[in-house]
Amino acid sequence: MLDYAISYFKSFFQNLSGSGTHLAIAIGLAIAFGAVWLACYRPPLVRKPWLWAILVSSAFFTVVVVSFIQIPLQAVTGRALTHFWSEEILVRWILLAAIPSILITGLVQEGAKLVPLVLHWWWSGKNIDAKLGLLIGAVAGAGFGVLEAQWIHGQIFAYGWTWEWLEIYGFVAILGFWERFFTVGAHIAFSALAGYGLAKGWGWQFYLVASALHGLLNYGAVLWQAGLLTDMWTEVYVTVIAVAVTGWALWLRWRKTVAIPAASEPTASAL
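What you are looking at is a predicted structure, and each value in this text was computed from that prediction instead of being measured.

Engineer: An account of the overall build of the chain is requested, with residue identities and associated values reported.
Structural biologist: A count of helices and strands for the chain gives 11 helices and 0 strands. Tracing the chain from N to C terminus, the helices and strands come up as α-α-α-α-α-α-α-α-α-α-α. In terms of overall dimensions, the chain is globule-like: its C-alpha atoms have a radius of gyration of 21 Å, near the 18 Å expected for 271 residues. Along the first, second and third principal axes, the C-alpha set of the chain runs to 75 × 45 × 35 Å. Taking the contacts inside the chain whose residues are at least 6 apart along the sequence as the reference set, 83% of them involve residues at least 24 apart. Element-wise, carbon and sulfur atoms account for 70% of the exposed surface of the chain, whose accessible area totals about 14,500 Å².

This is the structure in structure tokens:
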């Protein structure tokens, strides 16, 4: 198990396709995807350059946690399930049997992405503005989202993807890239919501919400394995969830807050 975890971790930093051009495209697309979504939040990356440290540290730490905590936990869970039920039964009841693994993914990844934010919140005396918490969370989510995206893109190219696929399969040929674009947006939105909740004093509640939404997104793969969704409808499923959660996060980011006047100041009705 340890050898597999180490190999899994290393794969994030390897050229899986073996081509320098494909590697450049994989990384370039991932960065572009993250930039597009992050631009919607407009985090102060220039005025607060320490946010770049949040982005990088979140990406690296999350990969470590996924490799050495999430993967082993899912393996143990899988062995526990096969200890009590046969493979045939688990396949038949995959909609239920897959839930523990899905929940582990959401809880582990959302927790790992938030570690740099929690450290900043702690150093700030546990008192940061809610919108700043949301923006820090968005940046943290972008870090891992981009790193994971370039890893997935590398796998797509390693599988043999070429531009000729577009001529042969049309839109279906880019479904993997399409899914990753919206998954990056979802990663950013999940962490943004968790960061907002932490700053508002609802840390564990919003963490569980973000984890559950993450699990809901990943559940699309289970619905596909069960034959309930086609390839195309699986991507529609991912797109809808990513857009909906991003809409919620952006509403919190850009909504105007009404200042409450101090008790000593006259209100409009009293003038």
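Next comes the rest of the description.
Engineer: With reference to specific residues and values, describe the nonpolar core.
Structural biologist: Grouped burial of nonpolar side chains is what soluble globular proteins tend to show. With 55 residues, the main nonpolar core has Tyr41 and Ile188 as its most contacted residues. Listing elements by their share of this core, those giving two or more residues are α2 (20–39), α3 (50–84), α6 (99–123), α7 (130–158), α9 (175–200), α10 (203–225) and α11 (231–254). It is α9 that contributes the most residues to this core, 12 residues altogether. Every residue in contact with Tyr41, bar those within four places of it in the chain, is listed here: Leu134, Leu135, Ala138, Ile188, Ala189, Ala192, Thr246, Ala249, Leu250, Arg253 and Trp254. Counting 17 residues, the second-largest nonpolar core is a separate cluster that includes Tyr8, Ile71, Ile156 and Trp161.

Engineer: So what's going on with a nonpolar patch on the surface? Which residues, and what values?
Structural biologist: Where nonpolar side chains cluster on the molecular surface, the patch consists of Phe84, Trp85, Ile89, Trp93, Leu96, Ile99, Leu103, Leu107, Trp204 and Leu208 and spans about 1,100 Å² of accessible area. The set of elements that each furnish at least two residues to the nonpolar patch consists of α6 and α10. For the nonpolar patch, the element with the most residues is α6, which contributes 3 residues. Residue placement: Phe84 occurs in helix α3.

Engineer: Got a sec to walk through the packing of aromatic side chains? Specific residues and values, please.
Structural biologist: Summed over the entire model, instances satisfying the criterion amount to 24 aromatic pairs. Residues Trp37 and Phe182 carry aromatic rings whose centres are separated by 5.8 Å and whose planes lie at 65° to one another, so their mutual orientation is edge-to-face. Here Trp37, found in helix α2, pairs with Phe182, found in helix α9; they are 145 residues apart in sequence, far enough to count as distant. Measuring from centroid to centroid gives 5.8 Å for Phe157 and Phe177, while their planes differ by 50°, and the two rings are tilted.

Engineer: Explain the side chain of Ser11 to me, using residue names and the numbers behind them.
Structural biologist: Checked against the element boundaries, Ser11 lands in helix α1 (residues 2–11). The buried category is assigned to Ser11, whose relative accessible area is 12%. A polar contact is formed between the side chain of Ser11 and the side chain of Trp151, at a distance of 3.0 Å. Those residues in contact with Ser11 that lie beyond four places of it in its chain are Leu16 and Trp151.

Engineer: An account of the environment of Trp161 is needed here, citing residue identities and associated values.
Structural biologist: Residue position: Trp161 is located in the loop between α7 and α8 (164–169). The exposure class of Trp161 is buried, given its relative accessible area of 3%. Separated by 160 residues in sequence, Trp161 and Met1 have C-alpha atoms that sit 30 Å apart. Reaching out from Trp161, the side chain makes a polar contact with the backbone oxygen of Ala173 at a distance of 2.8 Å.

Engineer: Now, about the packing of α6 against α9: what can you tell me, with residues and values included?
Structural biologist: The interhelical angle for the contact between α6 and α9, taken along N-to-C directions, is 45°, at an axis separation of 10 Å. Of the possible angle classes, the one that applies to α6 and α9 is oblique. Relative to α9, α6 is oriented so that their crossing is right-handed. Contacts between α6 and α9 involve Gln109, Glu110, Lys113, Leu114, Leu117, Val118 and Trp121 from the first element and His187, Phe190, Ser191, Ala194, Gly195 and Leu198 from the second. Broken down by class, the residue content of the contact of α6 with α9 amounts to 7 nonpolar, 4 polar and 2 charged.

Parameters at a glance
- Residues numbered from 1 in each chain as written.
- Predicted model: local features only at pLDDT ≥ 70, side-chain atom pairs only at ≥ 80, totals over all residues.
- Heavy atoms only, no water.
- Helix = DSSP H or I, 4+ residues; strand = E, 2+ residues; numbered from the N terminus.
- Rg over C-alpha atoms; globule rule 2.2 N^0.38 Å.
- Contact = heavy atoms within 4.5 Å.
- Areas by Shrake-Rupley, 256 points an atom, 1.4 Å probe, with all protein chains shown as cover.
- Core = buried A, V, L, I, M, F, W, Y, C linked by side-chain atoms within 4.5 Å.
- Buried < 20%, exposed > 50% of the residue type's maximum accessible area, 1.4 Å probe, protein only.
- Patch = residues over 30% accessible without salt bridge, like charges linked within 9 Å, V, L, I, M, F, W, Y side chains within 5 Å.
- Salt bridge = Lys/Arg side-chain N within 4 Å of Asp/Glu carboxyl O.
- Phe/Tyr/Trp six-rings, centres within 6.5 Å; stacked < 30°, edge-to-face > 60°.
- Polar contact = N/O pair within 3.5 Å; in protein donor to acceptor, adjacent residues only side chain to side chain.
- Axes fitted to C-alpha atoms, helices over the stretch in contact; angles between N-to-C directions.
- Parallel < 35°, antiparallel > 145°, perpendicular 65-115°, else oblique.
- Left-handed = near helix turned anticlockwise from the far one by under 90°.
- Nonpolar A, V, L, I, M, F, W, Y, C, P; charged D, E, K, R; others polar.

In short, geometric facts, not functional conclusions.
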